[in-house]
Amino acid sequence: MDGAIDLDIERLRSSLRSVDHVLFRLTPTGVTQRLLVDFRSNDTTGPGVHLLPEVQSFAERLRTIERVRGGFPLPERLVVVTWPLRVDALQRLEVLDIVRHRLASEDAYEAIRQLDEAYDRLLTLQRDELRRAITGEGYRTLWPDRAGA
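Bear in mind that the values here come from a model prediction, so they are computed numbers and not experimental data.

Rules behind the numbers
In this numbering scheme, every chain counts its residues from 1 along its sequence in written order. Only residues with pLDDT of 70 or above have their local features reported here, since the model is predicted, and side-chain atom pairs are shown and tallied only from 80 upward, although totals for entire chains, interfaces and linings are computed over all residues. Side-chain descriptors were evaluated using all non-hydrogen atoms of the structure, hydrogens and water having been removed beforehand. Among buried residues, those of type Ala, Val, Leu, Ile, Met, Phe, Trp, Tyr and Cys that are joined through side-chain atoms within 4.5 Å constitute a nonpolar core. Working definition: with a 1.4 Å probe on protein chains only, accessible area under 20% of the residue-type maximum means buried, over 50% means exposed, and in between means partly exposed. Numbered from the N terminus, helices here are DSSP runs of H or I no shorter than four residues, and strands are runs of E no shorter than two. In what follows, residue pairs with any heavy atoms lying within 4.5 Å of each other are defined as contacts. Working definition: the arc comes from the directions between the helix axis and the C-beta atoms, pointing outward to the latter. Criterion used throughout: strands pair if DSSP finds at least two bridges between them. Each axis is a line fitted through C-alpha atoms, and for a helix only the stretch in contact is used; angles between axes span 0 to 180 degrees, taken between their N-to-C directions. Throughout this description, a polar contact denotes any pair of N or O atoms lying within 3.5 Å of each other; where both atoms belong to protein, one of them has to be capable of donating a hydrogen while the other can accept it, and for residues adjacent in sequence the pair is counted only when both atoms sit in side chains.

Caption draft 1: Just the nonpolar core, in detail. Phe 24 and Trp 83 are the most contacted members of the largest nonpolar core, which totals 31 residues. Looking at this core, the elements with two or more residues in it are helix H1 (9-16), strand S1 (21-26), strand S2 (34-38), strand S4 (79-83), helix H3 (89-92), helix H4 (95-105) and helix H5 (109-135). For this core, the element with the highest residue contribution is H5, accounting for seven residues. The residues touching Trp 83, leaving out its near neighbours within four places in the chain, are Leu 7, Ile 9, Leu 12, Phe 24, Arg 25, Leu 26, Thr 27, Pro 28, Ala 89, Leu 90, Leu 93 and Val 95. Ranked by size, the runner-up nonpolar core spans five residues in total, among them Leu 23, Leu 36, Leu 52 and Ile 65.

Caption draft 2: How the structure looks around H1. Within the span of H1, buried status applies to Ile 9, Leu 12, Arg 13 and Leu 16. Seen from one end, H1 has its buried residues packed into an arc of 100°, which puts them on one side. Tucked inside the fold, the buried residues of H1 contact S1, S4 and H4.

Caption draft 3: Up close: the sheet that holds strand S3 (residues 48-52). What the four strands build is an open sheet, ordered S3-S2-S1-S4; its pairing is mixed. In this open sheet, the two strands that pair with only one neighbour each are S3 and S4. The average angle at which neighbouring strand axes cross in this sheet is 20°, direction not considered. Across five bridges, S1 lies against S4 in parallel orientation. Residue pairing in the sheet places Leu 26 in a bridge with Trp 83 of S4. Packed on one face of the sheet, helix H2 (residues 58-68) meets S1, S2 and S3 and runs near 135° to S3.

Caption draft 4: Layout of the environment of Arg 34. The topology assignment puts Arg 34 in strand S2. Residue Arg 34 is classed as buried on the basis of its relative accessible area of 7%. Between the C-alpha atoms of Arg 34 and Val 80, which are 46 residues apart in sequence, the distance is 9.7 Å. Setting aside anything within four residues of it in sequence, one finds Arg 34 in contact with Leu 23, Phe 24, Arg 25, Leu 26, His 50, Leu 51, Leu 52, Pro 53, Glu 54 and Arg 61. Among the polar contacts listed, one links the side chain of Arg 34 to the backbone oxygen of Thr 32, at a separation of 3.2 Å.

The quantities given are spatial measurements derived from coordinates; they are silent on function.
Now the structure itself:
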């Protein structure tokens, strides 16, 4: 990868301790799913973690959030983190630990299970995309094949 990675991990960790929700865009992995962590709860529904599809507009994103978190008002502002590293860095850099700790402090054990399942799914999607890149499945080369020449 060329260039420096612009990621203020301490600022992100601090934000995760107070925001109502956060959406992770996993940019370098080829994974188009987005990880939504919604810390809000009400009398009937606790915090939730969901994988959302890629969308083309903010209005479309709000509709996807409404589908999975229908018991809550739509966010007026959405915290979006463009994650410049591989999926496993979320765990390695203890980002998911902060999310888990916050969810546990709210007794949101179902949301922790959802987070673990979403993380495993993202790892699988990233691994599948890497395999496709290596084998060329769904990719086109920029250089001609010189092996037969």
